[in-house]
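In case you want the letters, here they are:
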Amino acid sequence: MKQLITAKLNLHTDATQFRALRATQLAYRDALNHVSQYSFAHGKMSNQIRLREATYYEIRASYGLPAQMATNVPRQVGATYKTLWTKAKQNAAARKAGITKKRYKGLDQPPKYVSPTLTYNYQRDYSLKEDSQVSILTLSGRVVVSYSAYSKHRALMQQGAGIGAAKLWYDKPRKQFYLLVSLEVEAADPTPETHTSVVGVDVGIRYLAVAATTRGDRSFHSGKHVVPKANHYARLRKRLQKKGTRSATRRLVVISGRERRLKQDANHVVSKRIVTRHPHSLIGLEELTHIRERTKGKRGKQASKKQRRANAIYSKWAFAELHSMIAYKALLHGSMAIKVDAHYTSQTCPMCGHTCAANRPNKGLLFVCQHCHYSLHADLVGARNITMRTLLARQDWVRTGHLSIAPGSLADPDVSSDEAKAARRQRYAELRWSLDTSPAL
C-alpha cells in the first residue's frame, strides 16, 4: 500500500535567485488568469486539451513561460472549471430535490487566481541534486538552490521514496520560498493478523477527539485550549467584515492565516497522539460526508438565533482535516483508518441498544439510557459505538477477506442505498458493549 506525504524544503536563495523565482511565480499566476478569462468567454470550457491548443503559444509569447509550465497552465484551469461544473450540477440536483433554494454562483464570473503558487514536474521542471541542492526552472533558465528539510523527510528521499510533483510556495510575511515535494511512501498491506486492535474515534467540539478500544482503554483530547481562541477569531472576523475598510480587509487576511494554523496544529497534535498510542490497529472514523444535510434542524432565516449560533459552532472546526491526518499517519505507523456510519452514535446505548434523543439530557456531556439507566460520558459512548461498528467491519474482513473501508460496500450491490442503510443499522442495533469481544492476539 502506498501513502502520499508532503516534504517541505526550505530554499536558501540569494538576491538574484529570489527575483527569478518571484518573477516566475507572478508570470505563472497571470497566465492562469488569462486562460481563465479565455475559458469563461468560450462557454466556460473545461476541456484541457482544447484549452491547451487555443492558448499554449499565446501564453508562451506573452508571459515567457517555458514549455512545460505553459502546458500546466491550461491543465490547471481546466481542472478548476471541471470542479465548478461538478458543483453546479450537484446544486441543480439539490434544488430539484428541494434540499436548497440557493443557486450556485461559482460560474457567474471567471475564477480569479490570487495565490502565486505554481506546480513543478519532477525531472522536467525541477530535480534534486547532491549536497542538499535542488535545480528549479525559472523564466531565465534553471537555478541551483541549496535547501534544508525535516530529517525524516530527507531520509525518505535518500532511501528511494517515490518523488512526484512539487509546488513552489512563497511565504510573503517572511519573504521565504518553500518547495513542497510530494513523496510516495510504501506501507505494508494490512491483514487481520497485523491489525489486531480496534479503535473508535469520536470527534466533537468540547473534546476534539475521544478514542476508545475494545479492551476498555480510552483517551480524551480536549479542545479547551484552542477552541476559545478559534471562537475569538470568529468574533473578530465578524466585526472586521462589518467594518469593510481596506485596513480591515488586510487584517482579515492575517487573522484567517492565524486561525488556519491554529486548527491545523491542534489537529496535527491530536492525530499524532492517537496513532502513536494505537499502533497496528484498525481505526474507525465517523462518515461525516453531507453531515449538515443529514442533521435535522432549521437553517438560514428560518432558524432561531440560538440555532444559528449552534450551527456556526459545529461547522467551525476542521473535522475532515483531522480525519485525513489520522488516516495518513495511521498508515505510517502500521495502522489503517476506515469509515463507519455516524448515525445515532451519540444516542445509542452501548449496553442495551436503546436509541432515542432523550438518552442525551439537554444534549449535555452525560449519557443516561432511558431503558436500562446506564450512564457514561456522552462522547465516550459515541467512541464505543464507533469501536463496535469498526469491530463488526473487522469480523467481516476476517470472514470474507474483504475490508470495507467505507459504509455501503458490505451490502449487496444490487440492493438500494436505503435498504443497505436499513440493513446496516439493524446489525448495529444488535451490538452490545463487552470487553470479551476483543480480537485475540
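Note that the structure is predicted; figures quoted are calculated from it, not measured. (Residues numbered from 1 in each chain as written. Predicted model: local features only at pLDDT ≥ 70, side-chain atom pairs only at ≥ 80, totals over all residues. Heavy atoms only, no water.)

K.L.:
I'd like a description of the packing of helix α1 (residues 15–41) against helix α2 (residues 48–63), backed by residues and values.
P.N.:
Helices that pack against each other are described as a pair by the angle of their axes relative to one another and the distance between those axes. Relative orientation of the contacting elements α1 and α2 amounts to 140°, with a least axis distance of 10 Å. Crossing of α1 against α2: the hand is right-handed. Residues Ala-27, Asp-30, Ala-31, His-34, Val-35, Tyr-38 and Ser-39 of α1 form the contact with α2, whose participating residues are Leu-51, Ala-54, Thr-55, Glu-58, Ile-59 and Tyr-63. Of the residues belonging to the contact of α1 with α2, the class tally is eight nonpolar, three polar and two charged. (Axes fitted to C-alpha atoms, helices over the stretch in contact; angles between N-to-C directions. Helix = DSSP H or I, 4+ residues; strand = E, 2+ residues; numbered from the N terminus. Left-handed = near helix turned anticlockwise from the far one by under 90°. Contact = heavy atoms within 4.5 Å. Nonpolar A, V, L, I, M, F, W, Y, C, P; charged D, E, K, R; others polar.)

K.L.:
Which residues make up a positive patch on the surface, and what values go with them?
P.N.:
Together, Arg-251, Arg-258, Arg-260 and Arg-261 line one region of the surface with positive charge. Inspection of the secondary structure puts Arg-261 in helix α6 (residues 246–277). (Patch = residues over 30% accessible without salt bridge, like charges linked within 9 Å, V, L, I, M, F, W, Y side chains within 5 Å. Areas by Shrake-Rupley, 256 points an atom, 1.4 Å probe, with all protein chains shown as cover. Salt bridge = Lys/Arg side-chain N within 4 Å of Asp/Glu carboxyl O. Lys, Arg positive; Asp, Glu negative; His and termini not counted. Charge placed at Lys NZ, Arg CZ, Asp CG, Glu CD.)

K.L.:
Lay out the side chain of Gln-25 in plain terms, naming residues and giving numbers.
P.N.:
Within the fold, Gln-25 resides in helix α1. Residue classification places Gln-25 among the buried positions, given a relative accessible area of 0%. In this view, Gln-25 contacts Pro-116, Thr-117, Leu-118, Leu-168, Trp-169, Tyr-170 and Phe-177; residues no more than four positions away in its chain are not counted. (Buried < 20%, exposed > 50% of the residue type's maximum accessible area, 1.4 Å probe, protein only.)

K.L.:
Break down the nonpolar core for me, citing the residues and quoting the values.
P.N.:
The biggest cluster of nonpolar side chains holds 42 residues, and the ones touching the most others in it are Leu-11, Tyr-120 and Leu-179. Counting residues in each nonpolar core, the second largest holds 28 residues, with Val-199, Ala-248, Phe-319 and Ala-337 among its members. (Core = buried A, V, L, I, M, F, W, Y, C linked by side-chain atoms within 4.5 Å.)

K.L.:
Describe the packing of α1 against helix α3 (residues 67–96), listing the residues and the values that go with them.
P.N.:
One can describe the packing of α1 onto α3 by two numbers: an axis separation of 9 Å at closest approach and a directional angle of 50°. Taken together, the axes of α1 and α3 lie oblique to each other. In terms of crossing hand, the pair formed by α1 and α3 is right-handed. Mapping the contact onto sequence places Thr-24, Tyr-28, Ala-31, Leu-32, Val-35, Ser-36, Ser-39 and Phe-40 in α1 and Met-69, Asn-72, Val-73, Pro-74, Gln-76, Val-77 and Tyr-81 in α3. Classifying every residue of the contact of α1 with α3 gives ten nonpolar, five polar and no charged. (Parallel < 35°, antiparallel > 145°, perpendicular 65-115°, else oblique.)

K.L.:
Before we move on, can you summarise the sheet that holds strand β2 (residues 118–120) with the specific residues and values?
P.N.:
In spatial order, the strands read β2-β6-β7-β1-β5-β4-β3; together these seven strands make up an open sheet with antiparallel pairing. Both outer strands of the open sheet, β2 and β3 (126–129), are each paired with one neighbouring strand and no more. Here the average twist between neighbouring strands, direction ignored, is 35°. Pairing analysis gives nine bridges linking strand β1 (residues 2–12) to strand β7 (residues 176–186), with the strands arranged antiparallel. Residue Ala-7 lies in a different strand from β7, and its bridge partner there is Val-181. (Pairing = 2+ DSSP bridges.)

K.L.:
Let's hear about unusual backbone geometry: which residues, and what values?
P.N.:
For residues besides glycine, phi is generally negative; the peptide bonds are generally trans as well. Positive phi is not limited to glycine here, since Gln-123 has a value of about 70°. Structurally, Gln-123 is set in the loop between β2 and β3. You can call Gln-123 exposed: its relative accessible area is 55%. Its identity as a non-glycine residue notwithstanding, Lys-175 has a phi of 55°, on the positive side. Within the secondary structure, Lys-175 is located in the loop between β6 (162–171) and β7.

K.L.:
Go over the side chain of Asp-379 with me, naming the residues and quoting the values.
P.N.:
Mapping Asp-379 onto the fold places it in helix α10 (residues 378–400). Put simply, Asp-379 is tucked away with no salt bridge, and the nearest opposite charge, on Arg-360, sits 5.1 Å away. When residues no more than four places from it in sequence are discounted, the contact partners of Asp-379 are Asp-202, Tyr-207, Val-210 and Leu-365.

As far as function goes, none of this settles anything; it's purely spatial.
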